[in-house]
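Residue-level structure breakdown
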Amino acid sequence: QVQLVESGGGLVQPGGSLRLSCAASRSIASINAMGWYRQAPGKQRELVARVTSGGGTNYADFVKGRFTISRDNAKNTVYLQMNSLKPEDTAVYYCNADLLGLYKRFYWGQGTQVTVSS
């Protein structure tokens, strides 16, 4: 089990940047995969980025080249650096811990709002 707390969301203009943080209550080195998901109003929650304990990453096509996921095991924290933000990136962003790395045993943070608007 793990508790997750996201921070760093806010209002930003198109083309701007934000850095989201996810602080975990336990060692993330023992969690097979950490990820960021997002959910826009009226839409399903979708994968944004994921990083495994071995350092492998995968990204949704709509964020490749713009977003970067990283982790700091010493701080038990996962980050999502978001650059070149677009209005369609507006959503609640959720941190996810996938304990077994099987897209099955999930734990979620409370979410942080990201709004991209001029």
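Look above for the structure.
None of the values given here were measured: they were computed from a predicted structure. (Residues numbered from 1 in each chain as written. Predicted model: local features only at pLDDT ≥ 70, side-chain atom pairs only at ≥ 80, totals over all residues. Heavy atoms only, no water.)

Quick look at the nonpolar core
The nonpolar side chains of soluble globular proteins are, as a tendency, buried together. Core analysis: the largest hydrophobic core is formed by 30 residues, its most contacted members being M34, W36, L80, M82 and Y93. Counting residues per element, the ones that place at least two in this core are β3 (18-24), β4 (33-39), β5 (46-52), β7 (67-72), β8 (77-82), β9 (91-98) and β11 (112-116). Excluding residues that lie within four positions of it along the chain, Y93 makes contacts with E6, L20, W36, Y37, R38, V48, F67, L80, M82, G111, T112 and V114. (Core = buried A, V, L, I, M, F, W, Y, C linked by side-chain atoms within 4.5 Å. Buried < 20%, exposed > 50% of the residue type's maximum accessible area, 1.4 Å probe, protein only. Helix = DSSP H or I, 4+ residues; strand = E, 2+ residues; numbered from the N terminus. Contact = heavy atoms within 4.5 Å.)

Let's talk about the pattern of salt bridges
Taken as a whole, this structure holds five salt bridges when the rule is applied. Its salt-bridge partner being R38, residue E46 comes within 3.0 Å of it at the nearest N-O pair. Note that R66 and D89 form a salt bridge whose closest N and O atoms lie 2.8 Å from each other. One end of the pair, R66, is in the loop between β6 (57-59) and β7; the other, D89, is in the loop between β8 and β9, with 23 residues separating them in the sequence. Its relative accessible area of 10% is what places R66 among the buried residues. Overall, the relative accessible area of 0% leaves D89 in the buried class. By sharing partners, the salt bridges in this structure join R38, E46, R66 and D89 into a single network. (Salt bridge = Lys/Arg side-chain N within 4 Å of Asp/Glu carboxyl O.)

Description of the packing of aromatic side chains
On inspection of all chains with the given rule, the structure shows four aromatic pairs. Considering the side-chain rings of Y94 and W108, the 6.4 Å spacing of their centres and the 85° angle between planes classify their relative orientation as edge-to-face. Here Y94, found in strand β9, pairs with W108, found in strand β10 (residues 106-108); they are 14 residues apart in sequence, far enough to count as distant. Judged by relative accessible area, which is 14%, Y94 ranks as buried. (Phe/Tyr/Trp six-rings, centres within 6.5 Å; stacked < 30°, edge-to-face > 60°.)

Considering the sheet that holds β3
Judged by pairing direction, the sheet is antiparallel, and its four strands sit side by side in the order β1-β3-β8-β7 without closing on themselves. Pairing within the sheet leaves two strands with one partner each, and these edge strands are β1 (4-7) and β7. Going across the sheet, the axis of each strand differs from the next one's by a mean of 15°, ignoring polarity. Pairing of β1 with β3 involves four bridges; the strand directions are antiparallel. Bridging from a neighbouring strand, L4 pairs with A24 of β3. (Pairing = 2+ DSSP bridges. Axes fitted to C-alpha atoms, helices over the stretch in contact; angles between N-to-C directions.)

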